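Examination of the molecular architecture
The lines below spell out each chain.
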Amino acid sequence: MNRTGSKGRVIIPGDRFERLVILNETTQHYNKRRFICRCDCGNTVTVYLSALTTGNTKSCGCYRDEKTRKRNAENKYHLGHFKNKECTDWTKNKACRDAVIKTFAEKGNEK
């Protein structure tokens with residue numbers, strides 16, 4: 001089905017929006033057009049046309065996860081606090097666990 005999208009653009013299977021490639025159009029929901037798309041990582045998602053054309057949806061969620069992992073690795077961030085040499089598994093390491101509790105309390109979350 002070759003119908004126009006926003007601003008008169010014809011949307012056809014194979015069109016690419018960031019990391020998503022349109023496979024086909026599915027049933028409308030709340031009178032909005034939806035498409036089944038395949039992400040570059042291999043996942044399949046259903047997305048509204050407006051989310052694709054505005055750039056609000058760029059992937060299946062893998063892009064957000066990649067950015068978070070990269071940011072946390074750059075900052076050496078781990079479970080609510082910054083990594084240190086003693087902290088390998090915060091649930092088993094008392095020093096690390098105490099650091100998490102202290103950080104939590106300092107943020108005003110103590111009961």
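The structure reproduced in this document is the subject of the present report. Because the structure is a prediction, the values reported are computed rather than measured.

Scoring rules and cut-offs
One numbering rule holds for all chains: residues counted from 1, following each sequence as written. Note on the predicted model: pLDDT of at least 70 is required for a residue's local features to be given, and 80 or more for side-chain atom pairs to be given and counted; whole-chain, interface and lining totals, by contrast, use all residues. No hydrogens and no water enter the side-chain calculation; it runs on all heavy atoms of the structure. Helix and strand definitions here come from DSSP, where helices need a minimum of 4 consecutive H or I residues and strands a minimum of 2 consecutive E residues; each element is numbered from the N-terminal end. Should any heavy atoms of two residues lie within 4.5 Å, those residues are counted as being in contact. Paired strands, as defined in this entry, are two strands with at least two bridges between them according to DSSP. A simple rule labels every residue: compare its accessible area, found with a 1.4 Å probe on the protein chains alone, to the largest value its type can have, and call it buried under 20%, exposed over 50%, or partly exposed in between. Side-chain atoms alone can form a polar contact between residues adjacent in sequence; in general such a contact is a pair of N or O atoms within 3.5 Å, and within protein one must be able to donate a hydrogen while the other accepts it.

1. Digging into the environment of Thr 57
- Tracing the backbone through its elements, the reader meets Thr 57 in the loop between helix H1 (49-54) and helix H2 (62-75).
- When the C-alpha positions of Thr 57 and Phe 17 are compared, they lie 8.5 Å apart, and in sequence the two are 40 residues distant.
- In this structure Thr 57 touches Leu 20, Val 47, Ala 51 and Leu 52, once residues within four positions along its chain are discounted.

2. Examining the sheet that holds strand E3 (residues 16-17)
- Spatial ordering of the open sheet is given by E3-E4-E5-E6, a layout of 4 strands whose pairing is antiparallel. At either end of the open sheet lies a strand with only one pairing partner, and these are E3 and strand E6 (44-48).
- Pairing analysis gives 2 bridges linking E3 to strand E4 (residues 20-29), with the strands arranged antiparallel. The residue of E4 that forms the bridge with Arg 16 is Val 21.

3. Structural notes on unusual backbone geometry
- A positive phi angle, close to 55°, is found at Glu 18, a residue other than glycine.
- Summarising the element assignment, Glu 18 is placed in the loop between E3 and E4.
- Here Glu 18 falls in the exposed class, since its relative accessible area comes to 54%.

4. A short note on the side chain of Ser 59
- Inspection of the secondary structure puts Ser 59 in the loop between H1 and H2.
- Take Ser 59: its relative accessible area is 12%, and that puts it in the buried class.
- Looking at Ser 59, its side chain comes within polar contact range of the main-chain nitrogen of Gly 61, at 3.1 Å.
- Within the structure, Ser 59 has its side chain in polar contact with the backbone nitrogen of Tyr 63 (distance 3.2 Å).
- Residues in contact with Ser 59, not counting those within four places in the same chain, are Arg 19, Leu 20 and Cys 39.

5. Quick look at the side chain of Asp 15
- With respect to the helices and strands, the residue Asp 15 is situated in the loop between strand E2 (10-11) and E3.
- On the basis of relative accessibility, which here comes to 13%, the residue Asp 15 falls in the buried class.
- Setting aside anything within four residues of it in sequence, one finds Asp 15 in contact with Arg 9, Val 10, Leu 20, Val 21 and Ile 22.

6. Here's the deal with the environment of Lys 32
- Position of Lys 32 relative to the elements: it lies in strand E5 (residues 32-39).
- Look at Lys 32 and you get partly exposed, because its relative accessible area is 44%.
- Distance from Lys 32 to Tyr 48, taken between C-alpha atoms, is 6.8 Å for residues 16 residues apart in sequence.

7. Quick notes on the pairing of E5
- Going residue by residue along E5, you find Arg 33, Phe 35, Cys 37 and Cys 39 tucked away on one face and Lys 32, Arg 34, Ile 36 and Arg 38 left uncovered on the opposite face.
- Pairing of E4 with E5 involves 7 bridges; the strand directions are antiparallel. When the sheet's bridge partners are listed, Asn 24 is paired in E5 with Ile 36.
- Following E4, the chain reverses through 2 residues before pairing antiparallel with E5; Tyr 30 in that reversal takes a positive phi of roughly 55°.
- As paired elements, E5 and E6 share 5 bridges and run antiparallel to each other. Its bridge partner lying in E6, Arg 34 is registered against Tyr 48.
- Where E5 folds back onto E6 in an antiparallel hairpin, the turn is made up of 4 residues, including Gly 42, whose phi is positive at roughly 110°.

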